[in-house]
Each structure stands twice: as structure tokens, then as C-alpha cells.
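Survey of secondary and tertiary structure
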Amino acid sequence: MSASPEAPLRVLFCIGVNQNFFDLPTGQGKSVWDGTVSMLTQLHELPGVTVLGTFDDDQHMVGPSNSWPWTCYVLADVVDQPTVAAACNLFRTVQVGEHGLWRYMKIEARIGRPLPEPEPAR
């Protein structure tokens, strides 16, 4: 079953922390966290994006995550592919000091569609 043309894209934004974050002197990671909060705020406010949920595994995963399993995830419905690209571009435009957020974190978007919801049990 395919999604209707008007249906939003279901997008899983996969976010990893780069080695550059772990190379920061102790106590200097707060600026990266502030940049991350700014990015998440802008993502929630991006027209055409409805954030459905988030998941952060930083308490059980320590060190860089260059691929799966990622450090954190954002599940969203997004109006179209250019808006998905705009969401990923936040990692280039959000500043952490004199660098973009992308210096410390990376993002990958997986685009698909929702699975059908099962009928309630009777």
C-alpha cells in the first residue's frame, strides 16, 4: 500500500556525536549541548515538520557514534524532501562558538512511510 500524494513523509533523523566533541577539554561540552537545544528548537519550529518523538541513548552509549546505533533519534512527519534537507541543514547553520554544529555531531535522515496500524482487539 503506498502513501497518498498528500501524506507527509515519515522521517527518522539519526544523530551521532563525533570524536571532536570528545576531544573538547572537560567542561566545554556545554556549548555543544546549547547548540543541540537550539537545533532541536528550530527543528520543532520548521514549517512542515511535526515532531512525533525523540529518543536519546547518551546514558548507555559513550563515545562517538559514526553509524548505527546512533546516539539519538527524532521521529517526525515532514511535508516534503526539501524540508527534510532543510532540517538536516540546521547542523550547518547552528553555530557552536566559531564552528557549525556539524563539527561535533552528524545527522542522517531515513525517509519512509508509516506502517498500517493494527485493528484494535475485540
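Everything discussed here concerns the structure shown above.
Below is a short write-up of the structure. Residue indices follow the written sequence of each chain, beginning from 1 at its first position. With pLDDT at 70 or above as the cut-off, local features in this predicted model cover only qualifying residues; side-chain atom pairs require 80 or more to be listed or tallied, and sums for whole chains, interfaces and linings still use all residues. Where side-chain values are given, they derive from all heavy atoms of the structure, hydrogens and water being excluded.

Structurally, Asp77 can be placed in strand 3 (residues 72-78). Note on Asp77: relative accessible area 16%, which makes it buried. Should any heavy atoms of two residues lie within 4.5 Å, those residues are considered in contact. Setting aside its immediate chain neighbours within four residues, Asp77 contacts Pro8, Leu9, Arg10, Gly48, Val49, Thr50 and Leu52. Runs of H or I in DSSP of at least four residues are treated as helices and runs of E of at least two as strands, each being numbered from the N terminus. Residue exposure (1.4 Å probe, protein chains only): buried if accessible area is under 20% of the type maximum, exposed if over 50%, otherwise partly exposed.

Residues belong to a common nonpolar core when they are buried Ala, Val, Leu, Ile, Met, Phe, Trp, Tyr or Cys residues joined through side-chain atoms within 4.5 Å. Among the nonpolar cores identified, the biggest contains 23 residues, and Phe13, Ile15, Met39, Leu43, Val78, Leu101 and Met105 are the most heavily contacted of them. If you list the elements that add at least two residues to this core, you get strand 1 (9-17), helix 2 (30-45), strand 3 and helix 3 (81-93). Sorting elements by how many residues they give to this core places helix 3 first, with five residues. Sequence-distant contacts of Leu101, defined by excluding residues within four places in its chain, comprise Val32, Gly35, Thr36, Met39, Phe91, Val94 and Val96.

The peptide bond linking Trp68 to Pro69 adopts the cis configuration, its omega dihedral lying at -5 degrees. Summarising the element assignment, Pro69 is placed in the loop between strand 2 (49-56) and strand 3.

In summary, the side chains of a regular strand alternate between the two faces of the sheet. In this description, strands pair whenever DSSP reports at least two bridges between them. With seven bridges joining them, strand 1 and strand 3 adopt antiparallel strand pairing. Among the inter-strand pairings, Val11 is bridged to a residue of strand 3, identified as Ala76. Here eight bridges tie strand 1 to strand 6 (residues 105-112), and the two strands are oriented antiparallel to one another. Counted as the bridge partner of Arg10 is Gly112 from strand 6.

Strand order in the open sheet made by the four strands is 2-3-1-6, with antiparallel pairing throughout. Strands with a single pairing partner mark the edges of an open sheet, and in this sheet they are strand 2 and strand 6. Strand-to-strand twist in this sheet, taken as the mean axis angle between neighbours without regard to direction, amounts to 20 degrees. Bridging between strand 2 and strand 3 involves seven bridges; their strand directions are antiparallel. If you follow Thr50 over to strand 3, its bridge partner there is Asp77. In this description, a line fitted to the C-alpha atoms serves as the axis of each element, helices being fitted only across the stretch in contact, and the angle between N-to-C directions of two axes falls anywhere from 0 to 180 degrees. Together, strand 1, strand 2, strand 3 and strand 6 form the strand contacts of helix 2, whose direction differs from that of strand 2 by roughly 145 degrees.

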